[in-house]
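Spelled out from the first residue to the last, the chains are:
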Amino acid sequence: MSPPYDTNTTADELVKDYASLIKGKVILTTGVSPGSLGAAFVEYIAKAQPSLIILAGRDSNKTEKTASAITSSNPNVKTRLLKVDLASLQSVRDAAAEVNSWSDVPVIDVLVNSAGIMAVDYALTVDGFERQFASNHLGHFLLTNLIIDKILASKTPRIVSVTSSGHRFSPFRFADYNFDGGKTYHPWKGYGQSKTANMLMALSFAKKLGKRGLLAFSVHPGGILGTGLANHLDLSKLAEQFGVIDRELGNEEGFGLERDLKGVKSVERGTATYIYAALNPSVNAFTYLSPPAHNGTFTLDSHVADPLTDSVRPWATSSAEAEKLWRLSEQLVGQKFSY
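Here is what the cut-offs are and how they apply
- Residues numbered from 1 in each chain as written.
- Predicted model: local features only at pLDDT ≥ 70, side-chain atom pairs only at ≥ 80, totals over all residues.
- Heavy atoms only, no water.
- Phe/Tyr/Trp six-rings, centres within 6.5 Å; stacked < 30°, edge-to-face > 60°.
- Helix = DSSP H or I, 4+ residues; strand = E, 2+ residues; numbered from the N terminus.
- Buried < 20%, exposed > 50% of the residue type's maximum accessible area, 1.4 Å probe, protein only.
- Lys NZ or Arg CZ within 6 Å of the ring centre and 35° of its normal.
- Salt bridge = Lys/Arg side-chain N within 4 Å of Asp/Glu carboxyl O.

Enquirer: What exactly am I supposed to notice about the packing of aromatic side chains here?
Expert: Aromatic ring pairs are described here by two measures, namely the spacing of the ring centres and the angle between the planes. Under the criterion given, the structure shown has 15 aromatic pairs. Pairing Phe-205 with Trp-326 gives two aromatic rings, centres 5.0 Å apart and planes at 75°, and the pair type is edge-to-face. Separated by 121 residues along the polypeptide, Phe-205 in helix 8 (residues 187-209) and Trp-326 in helix 11 (residues 319-333) bring together distant segments of the chain. Take Phe-205 and Trp-326: they sit in the same class, and that class is buried. Ring centres 6.1 Å apart and planes at 75° place the aromatic pair Trp-326 and Tyr-339 in the edge-to-face group. One end of the pair, Trp-326, is in helix 11; the other, Tyr-339, is in the segment after helix 11, and 13 residues separate them in sequence. Judged by its relative accessible area of 33%, Tyr-339 is partly exposed. In this structure an aromatic cluster arises from ring pairing among Phe-129, Phe-133, Phe-172, Phe-174 and Tyr-177. When the ring centre of Trp-102 is taken as origin, the NZ or CZ atom of Arg-80, which lies over that ring, is 4.8 Å away. Here Lys-208 stacks its cationic end above the ring of Trp-326, 4.9 Å away from the centre of that ring.

Enquirer: Would you take a moment to explain the pattern of salt bridges for this structure?
Expert: Note on pairing: side chains with opposite charge can pair once their charged atoms come close. Applying the stated rule across the entire model yields 9 salt bridges. Through salt bridges with shared partners, a single ionic network connects Lys-208, Glu-323 and Arg-327.

What follows is the structure in structure tokens.
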């Protein structure tokens, strides 16, 4: 059994507890620019000597800086860079082809889909998709499926999708995922849709490949300031903006219960849940759920979220919604993945 980790658990505590599980692992992480949570995650786990850390990002100069930070502190840990722009399906295909060509890396033990953008202005990607949906979900969906054979080759295959409590801002908008050319767009609703998609993707991988030993989880690291993700935002207006959407949707957070942003965490505490989801050897189930929740669950504060007490919306935990999104995602990337 795992210790009772909580919101105050730190990344260093989990690295210490999971050192034997981290040692020798091959871990691929997207979104590892310096100052990001993805970079913090790989720098923490490097202390426990994984055999290889693959750093995937759009800007090679930034990923190189993170690689240098790892090797300067842990010279025996190998790193490898992977260039990928998750907003471009062709870039994702090229990156996956490169990974699959690495004959010296037959196995990827853990994939952490950490890259993301948040509450940006409306724009379409080169492929014609709203860019939060494309960058946060669709690119990761394609990349994960294209390299799945190397993940399944692991004795302990695991996929982690970084989501957010912001999934409460929107269910997945199946009939209007591109927000009618921007006419129905709101930056936080676009973010919410993409974070709901991250949770549904974890559910789908768990359902489709759990029988082959794959574990898949989604992670809410908490509200982390100072990582660069929110540099373009006016933080003084967040509570008001969140309150408007929450009240519109009837979310309890819009009625004074969480309006003070009390969930803000340090990077060390936020990154702990990454490590928990990526390496925890015994993720406990809630036995009152039928069937008991385990694989595919949403994690926060270094534990599995309880749908009765934690901030989890039913639209992000629905097997039917997950399958519907899987089929739509296949259609949009132009490729079926049958397991």
